[in-house]
Amino acid sequence: MTPTDSNRDAERLNIVAWTFVAIQAVLLAGIVVGPRDETWHVDETIRGGGLVLFALGVAIGLWAAARLGRGLTPSPLPNGQVELVTLGPYRWVRHPMYSAVMLIAAAIAIRAGSIAVVTQVIALVALFNVKARWEEGWLAATFSSYDAYMAATPRFVPLLRRHHPLGPTAPGG
């Protein structure tokens, strides 16, 4: 392989990675600005439940971002800034940022009262499944312990566990 081939491969990878990000952005924009109150009536109880989900999603997202630190990037390709993160919300799921965004999107859909917005949330969840699988291939190639972590840790939805599969957690984890 020549350096030119290697550059082309890297360019293709970046195009795929940023295409995932662009599709995600379009879906999120549609969720945020989509129609409201056209399919079902949204009463105060529904609005309150949606607000709780929204706050939970924001909290999880901030926690995950703080744990990633310099490793945080919108691209699904590892940026080489940190070792594999398995503490904090990463103790419970492999992709807590995606989980957080899905919670926020679901909260918006619940409060929107619109099947059009719900449809975009479903498309976002499908995209995150494809994006996460693609990302996991690169994480496994980058981190030797990723396969064991992946086998022991759910992708998006935490399951009850008594201990972390890779050992005890650090304080504040």
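Shown above is the structure to which this text applies.
Quick look at the structure, then. (Residues numbered from 1 in each chain as written. Predicted model: local features only at pLDDT ≥ 70, side-chain atom pairs only at ≥ 80, totals over all residues. Heavy atoms only, no water.)

### Re the pattern of salt bridges
Inference 1: Taken as a whole and judged by the stated rule, the model has five salt bridges.
Inference 2: One salt bridge connects Glu44 with Arg47, and the closest N-O pair in it is separated by 3.9 Å. Placement of both Glu44 and Arg47 in helix α2 (residues 44-68) is noted, with a separation of three residues, approximately one turn of the helix.
Inference 3: On the accessibility criterion, Glu44 (62% relative accessible area) is exposed.
Inference 4: Residue classification places Arg47 among the partly exposed residues on the basis of a relative accessible area of 24%.
Inference 5: The partner of Glu136 in a salt bridge is Arg155, with the nearest N and O atoms 2.8 Å apart. Highlighted residues: Glu136 in helix α4 (residues 115-142) and Arg155 in the segment after α5 (146-152), separated in sequence by 19 residues. The pair Glu136 / Arg155 is uniform in exposure class, with both members buried. (Salt bridge = Lys/Arg side-chain N within 4 Å of Asp/Glu carboxyl O. Helix = DSSP H or I, 4+ residues; strand = E, 2+ residues; numbered from the N terminus. Buried < 20%, exposed > 50% of the residue type's maximum accessible area, 1.4 Å probe, protein only.)

### Overview of the side chain of Ser114
Inference 1: With respect to the element layout, Ser114 can be found in the loop between α3 (96-112) and α4.
Inference 2: Each residue touching Ser114, except ones within four places of it in the same chain, is listed here: Pro35, Glu38, Thr39, Trp40 and Ala109. (Contact = heavy atoms within 4.5 Å.)

### What to know about the layout of surface pockets
Inference 1: When its volume is computed, the largest pocket comes out at roughly 530 Å³.
Inference 2: Lining the largest pocket are 31 residues, with Leu68, Gly71, Thr73, Tyr90 and Glu135 sitting closest to its centre.
Inference 3: Elements that contribute at least two residues to the lining of the largest pocket include exactly α3, α4 and α5.
Inference 4: Split into classes, the residues belonging to the lining of the largest pocket amount to 19 nonpolar, eight polar and four charged. (1 Å grid on protein atoms, 1.4 Å probe; cavity = no way out; pocket = protein on both sides within 12 Å on 5 of 7 lines; lining within 4 Å. Points joined across faces, edges and corners; volume = space filled by probe spheres on them. Nonpolar A, V, L, I, M, F, W, Y, C, P; charged D, E, K, R; others polar.)

Purely geometric numbers; function is a separate question.
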